[in-house]
Amino acid sequence: QKEVEQNSGPLSVPEGAIASLNCTYSDRGSQSFFWYRQYSGKSPELIMSIYSNGDKEDGRFTAQLNKASQYVSLLIRDSQPSDSATYLCAVLQGAQKLVFGQGTRLTINP
Amino acid sequence: GAGVSQTPSNKVTEKGKYVELRCDPISGHTALYWYRQSLGQGPEFLIYFQGTGAADDSGLPNDRFFAVRPEGSVSTLKIQRTERGDSAVYLCASSPENRREQYFGPGTRLTVT
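In what follows, the accompanying structure is described. (Residues numbered from 1 in each chain as written. Chains lettered and ligands numbered in written order. Predicted model: local features only at pLDDT ≥ 70, side-chain atom pairs only at ≥ 80, totals over all residues. Heavy atoms only, no water.)

### Concerning the sheet that holds strand 6 (residues 54-58) of chain A
Strands in a sheet are paired, the pairing made by backbone hydrogen bonds, and the direction either parallel or antiparallel. Residue and element names in this part refer to chain A. Taken in spatial order, the five strands make up an open sheet running 1-3-8-7-6, and their pairing is antiparallel. The open sheet has two free edges, formed respectively by strand 1 (4-6) and strand 6, since each of these has just one partner strand. On average, adjacent strands in this sheet sit at an angle of 20° to one another, irrespective of strand direction. Two strands pair when backbone bridges link them, and strand 6 and strand 7 (residues 61-66) are joined in this way by five bridges, in the antiparallel orientation. Bridge pairing links glutamate 57 to threonine 62 in strand 7. (Pairing = 2+ DSSP bridges. Helix = DSSP H or I, 4+ residues; strand = E, 2+ residues; numbered from the N terminus. Axes fitted to C-alpha atoms, helices over the stretch in contact; angles between N-to-C directions.)

Here it is, written out as structure tokens:
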């Protein structure tokens, strides 16, 4: 079992719809979770962090954390073509080591 | 302000050669990390510095890889006797003190021929 698992996609969503990205992790003791966006040929860009169970909203993005079920999700409302990218879920292991999933490729269709 | 910078952006080298990759973190950030990303995969942790010392080097694949951060700011990742399997994008990230968020630089694409 991989430490952090994501569906590699591609996930195709029409413009204006809600995109839902999911991630599960194996270490029940994990406390800190992150979503990064990575455009093709570019480096990962931090878009959300979440540390407590529940929802955290930032603009069109909502991160959801359920520690009991060991999953993290990212919702993107009113999806735009510019949201087309690979989304990486990352879990902080130990003091400062990020463990990443393989990423989900998202395509927003105009 | 300025983000993490990495040089060179691209490096092509022959198998068996030595390479150095440089990372300049965000000003004031005390923690610095190196990751490696292969095509279609998420980044993989290599090493983490808190100040000048390597606090966790458990991700370095073997003793051909070494990293330094002599003055607690700029870091250099050194790879000896490069192999074709070392080809990847090498990413550097930094964090402010007592913060968990990591901010990545643009990466160095290393190609070993």
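That covers the picture; the talk isn't over yet.
### Notes on the state of the cysteines
Summed over the entire model, instances satisfying the criterion amount to two disulfides over all chains. Each disulfide pairs two cysteine sulfurs, and for A:Cys23 the partner residue is A:Cys89, the sulfurs being separated by 2.0 Å. Since a negative S-S torsion denotes a left-handed disulfide, the A:Cys23-A:Cys89 link at about -70° is left-handed. One end of the pair, A:Cys23, is in strand 3 (residues 19-25); the other, A:Cys89, is in strand 9 (residues 85-93), with 66 residues separating them in the sequence. A:Cys89 matches A:Cys23 in its accessibility class, with the two residues each being buried. Covalently, B:Cys23 is tied to B:Cys92 through a disulfide, its sulfur atoms 1.8 Å apart. Its torsion about the S-S bond being -65°, the disulfide of B:Cys23 and B:Cys92 is classed as left-handed. Placement of B:Cys23 in strand 3 (residues 19-24) and of B:Cys92 in strand 9 (residues 88-95) is noted, with a sequence separation of 69 residues between them. (Disulfide = S-S within 2.5 Å. Buried < 20%, exposed > 50% of the residue type's maximum accessible area, 1.4 Å probe, protein only.)

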